[in-house]
Amino acid sequence: MTTRFAQGVAAVLVTVLLSGCASSLMDGIWGDDSNSSSAAANSSAALTGGVAPNMTAAQENVEVAKLYNEALASLNDNSPKTAIKQFGEVERKYPYSSYATQAILMQSYASYRLGKWDDAIIAANRFITLHPGHKDVGYAYYLVAICTYDQIANTKHDQSATLKALAALEEVSQRFPGTAYAQDAAQKVTVARDHLAGKEMEVGRYYYRQNAYLAGINRFKRVVTDFRNTSQTPEALYRLTEGYMALGVLSEAQTAAAVLGTNYPDSQWYKDAYQLVSSDGKAPEANSESWISKAFDSINPM
């Protein structure tokens, strides 16, 4: 499978005001491959729709305010490495100030900007541990999820990062419903699930090339049962048709083709499946007792 990666591009606009507040939006672009499997960006900028942490400039306590605002200015000047050191100084010199609390989260954010995902995750988790009830704790959970998400690998590689990202994104959606974090996390859950389905498709196709049809069918079955509402489902149903035809299990082949036609009638995969079944003098016909039919009883296709 050929995978085209489109790296996300973030635009961060931070205005540092000594007597006001500023905000930043990070926007990214997510690419996919020619087989409609999910693509994973490995750039620190691959963020869609997320809201940056509170960029309000410090106004109280002249000394800490000066140091904190200098760190914000470094971030504004696209110098996240310098900003990380300066926010660290805020935390070290004024550990009991409200700015020290915010500085931990800003170190995580700046590390994310720098592409240092492990450092960003460590700082975000430290913020969560020390300040579980803080108003910005949702953003900390979100940063952990996004840093893991950005490490999703090509479907030819191990998918442990994808599984971790999926768990972290689902946690954000469940803990912070109705927030911008939850909304963006939900969108990325869809991408992560599609990516996991793509991995199953990759392995299933490999087994078919080795004429190991039963092993391949088991992979495509998982796509249909565990990742049904993904872009991989139409091809998975075609591959099931193909595999069952090769094994001579015509009833299941007819069912897979029929379910494909019912749910994705305009898909090229259905046209191919119909032609494949017809080559044996049969027509797509769903067996209501088949596991394939039962899997789609309550499914609304994408």
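The shown structure was predicted, so the numbers you read here are calculated from the model rather than taken from an experiment. (Residues numbered from 1 in each chain as written. Predicted model: local features only at pLDDT ≥ 70, side-chain atom pairs only at ≥ 80, totals over all residues. Heavy atoms only, no water.)

Remarks on the overall build of the protein
Part 1 of the argument: When you go through the protein residue by residue, the secondary structure sums to 12 helices and two strands.
Part 2 of the argument: Helices (α) and strands (β) of the protein occur, in sequence order from the N terminus, as β-β-α-α-α-α-α-α-α-α-α-α-α-α.
Part 3 of the argument: Counting over 302 residues, the protein shows a buried share of 50%.
Part 4 of the argument: Sequence separation of 24 or more characterises 65% of the internal contacts of the protein that already satisfy a separation of 6 or more.
Part 5 of the argument: When the accessible area of the protein is evaluated, it comes to approximately 14200 Å², of which 50% is carbon and sulfur surface. (Helix = DSSP H or I, 4+ residues; strand = E, 2+ residues; numbered from the N terminus. Buried < 20%, exposed > 50% of the residue type's maximum accessible area, 1.4 Å probe, protein only. Contact = heavy atoms within 4.5 Å. Areas by Shrake-Rupley, 256 points an atom, 1.4 Å probe, with all protein chains shown as cover.)

Concerning the nonpolar core
Part 1 of the argument: Membership of the largest hydrophobic core comes to 73 residues, with the highest contact counts inside it found for Phe-87, Val-172, Val-224, Leu-237 and Leu-240.
Part 2 of the argument: Looking at this core, the element that brings in the most residues is helix α5 (residues 137-149), giving 11 residues.
Part 3 of the argument: Dropping the residues within four chain positions of it, Val-224 is found in contact with Ala-236, Leu-237, Leu-240, Trp-291, Ala-295 and Phe-296. (Core = buried A, V, L, I, M, F, W, Y, C linked by side-chain atoms within 4.5 Å.)

Topic: the pattern of salt bridges
Part 1 of the argument: This structure, assessed with the given rule, holds 14 salt bridges.
Part 2 of the argument: The partner of Glu-89 in a salt bridge is Arg-92, and the shortest N-O contact between them spans 2.8 Å. Placement of the pair is Glu-89 and Arg-92 together in helix α2 (residues 80-93), with a separation of three residues, close to one helical turn.
Part 3 of the argument: Of the charged contacts in the structure, one is a salt bridge between Lys-93 and Glu-89, with a shortest N-O distance of 3.6 Å. Of the two residues, Lys-93 and Glu-89 both sit in helix α2, four residues apart, roughly one turn of that helix.
Part 4 of the argument: Salt bridges sharing partners connect three or more residues here, namely Glu-200, Arg-219, Arg-222 and Asp-226. (Salt bridge = Lys/Arg side-chain N within 4 Å of Asp/Glu carboxyl O.)

Overview of the side chain of Ser-293
Part 1 of the argument: With respect to the helices, strands and loops of the structure, Ser-293 is situated in helix α12 (residues 291-295).
Part 2 of the argument: The contact partners of Ser-293, leaving out residues within four places of it in the chain, are Thr-255, Val-259, Ala-286, Asn-287 and Ser-288.

Things to note about α5
Part 1 of the argument: Taking 1.5 Å of rise per residue, 13 residues should cover 18 Å, and α5 covers 19 Å from first to last C-alpha, within 8% of that figure.
Part 2 of the argument: Counting buried positions along α5 gives 13 out of 13 residues, so the element sits mostly inside the fold. (Expected span 1.5 Å × (residues − 1).)

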